[in-house]
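Architecture and fold: a report
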Amino acid sequence: MREVPQAAKLRRPQVDAEAEIAARLRSCLGRFATGVTVVSFDAAEGPRGVTVNSFTSVSLDPPLVLVSIAKRAAAHEALRDQPFCVNVLGAEQEALAKRFAGGNAGAHPRFDYEPGRAPRLLGALAHVDCNPWRAYDAGDHTLFVGEVTAFEHLDGDALAYMGSRFTTLAESDTGVEYLI
Ligand SMILES: Cc1cc2nc3c(=O)[nH]c(=O)nc-3n(C[C@H](O)[C@H](O)[C@H](O)COP(=O)(O)O)c2cc1C
């Protein structure tokens, strides 16, 4: 029988404790309800996307937004220095959210594709076109800050995410931000 090195035996409880703390932190941060977006961009093989809920508006002058992308995601390197579009998903687009999070191969995204800008996901509630502005290192993620070059939105219910579950937000609860 192969003997387990003493150092490995000693390390295991600490690794378990760290994994448990990380899981609890994830669960805690998951109480923060968000919308759901697909960040789309051009790649050698055609338009690509990644599901992202770390989308945040940052500045109006200049107009800046950010998305936080895991370094281990394939999109991470592909997105560097690329124009991108933040597509805010509507309530009926859960399948697309799953598709761009690595699941649901059954969903068939369609892109509006114009030269000179990132592909837009058809049917999204809002499109925010961005040019790369800065990228900041942030632990196991990179914060990609984009300068908004164009935007548009539709009315409709929004897809939302909380506690690792998809839900929806009725239109009547949104769209009053200009009053605030
Ligand atoms: C609702 C939801 C939100 C997500 N938000 C993010 C995010 O903000 N940043 C991120 O890096 N990954 C996020 N993910 C995970 C990525 O979508 C997932 O890892 C994806 O498979 C990465 O694809 P890629 O490796 O092809 O780039 C999210 C997944 C879901 C379901």
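So, here is what we can say about the structure in this document. Since the model is a prediction, treat every value here as computed from it, not as a measurement.

Of regular secondary structure, the protein chain possesses three helices and 12 strands. Residue burial in the protein chain is summarised as follows: out of 180 residues, 30% are buried. Pairs at least 24 residues apart make up 60% of the contacts formed inside the protein chain by residues separated by at least 6 positions. Surface accessibility of the protein chain: about 11,700 Å² in total, with carbon and sulfur atoms responsible for 55%.

Let's shift gears to the state of the cysteines. Applying the stated rule across the entire model yields zero disulfides. Unpaired in this structure, C85 has its nearest cysteine sulfur neighbour in C130, at a distance of 7.4 Å. On the basis of relative accessibility, which here comes to 0%, the residue C85 falls in the buried class.

The subject of this paragraph is the pairing of strand β9 (residues 126–138). Relative to β9, strand β6 (residues 84–88) runs antiparallel, the two sharing five bridges. Pairing of C85 across the sheet is with D129, part of β9. Relative to strand β10 (residues 141–153), β9 is paired through 12 bridges, and the arrangement is antiparallel. Bridge pairing in β10 places D137 opposite T142. Taking the residues that link successive antiparallel strands as the turn, the β9-β10 hairpin has two residues, and the phi of G139 there is positive, at about 60°.

Glancing now at the sheet that holds β10. A sheet is described by the order of its strands in space; here seven strands give the open sequence β3-β2-β6-β9-β10-β5-β4, paired in antiparallel fashion. Of all strands in the sheet, those with a lone pairing partner are β3 (46–52) and β4 (56–60), marking the two edges. Between one strand and the next, the sheet's axes are offset by a mean angle of 35°, whatever the strand orientation.

So, about the pattern of salt bridges. Counting across every chain of the model gives 10 salt bridges. Close ionic contact of R117 with E114 constitutes a salt bridge, the shortest N to O distance being 3.4 Å. Given the relative accessible area of 41%, E114 is considered partly exposed. The network of salt bridges with common partners includes D112, E114, R117, R120, D129 and E152.

Attention now moves to the site of the ligand. T51, S54, S68, A70 and A75 are the nearest of the 15 residues found near the ligand. Contact between the ligand and S54: an oxygen atom at 2.7 Å from a side-chain N or O atom of the residue. Contacts to the ligand include A75, whose backbone N or O atom sits 2.7 Å from an oxygen atom. A total of 650 Å² of accessible area belongs to the ligand in isolation, and the protein chains cover 74% of it. Elements supplying a minimum of two residues to the shell around the ligand: β3, β5 (63–70) and α2 (74–79).

With that out of the way, let us pick up the side chain of D129. Checked against the element boundaries, D129 lands in strand β9. With a relative accessible area of 3%, D129 lands in the buried category. In this structure, D129 is in contact with F84, C85, R117, R120, E147, V148, T149 and A150, ignoring residues within four places of it in sequence.

On the surface, E92, D155, D157 and E171 cluster together to form a negatively charged patch. Structurally, the position occupied by E92 is in the loop between β6 and α3 (94–99).

Turning our attention to the side chain of H76. The topology assignment puts H76 in helix α2. In terms of polar contacts, H76 uses its side chain to reach the side chain of E77, at 2.8 Å. Setting aside anything within four residues of it in sequence, one finds H76 in contact with I69, A70, K71, T142 and F144.

Definitions and limits used
Residues numbered from 1 in each chain as written. Predicted model: local features only at pLDDT ≥ 70, side-chain atom pairs only at ≥ 80, totals over all residues. Heavy atoms only, no water. Helix = DSSP H or I, 4+ residues; strand = E, 2+ residues; numbered from the N terminus. Buried < 20%, exposed > 50% of the residue type's maximum accessible area, 1.4 Å probe, protein only. Contact = heavy atoms within 4.5 Å. Areas by Shrake-Rupley, 256 points an atom, 1.4 Å probe, with all protein chains shown as cover. Disulfide = S-S within 2.5 Å. Pairing = 2+ DSSP bridges. Axes fitted to C-alpha atoms, helices over the stretch in contact; angles between N-to-C directions. Salt bridge = Lys/Arg side-chain N within 4 Å of Asp/Glu carboxyl O. Near = heavy atom within 4 Å. Polar contact = N/O pair within 3.5 Å; in protein donor to acceptor, adjacent residues only side chain to side chain. Patch = residues over 30% accessible without salt bridge, like charges linked within 9 Å, V, L, I, M, F, W, Y side chains within 5 Å. Lys, Arg positive; Asp, Glu negative; His and termini not counted. Charge placed at Lys NZ, Arg CZ, Asp CG, Glu CD.

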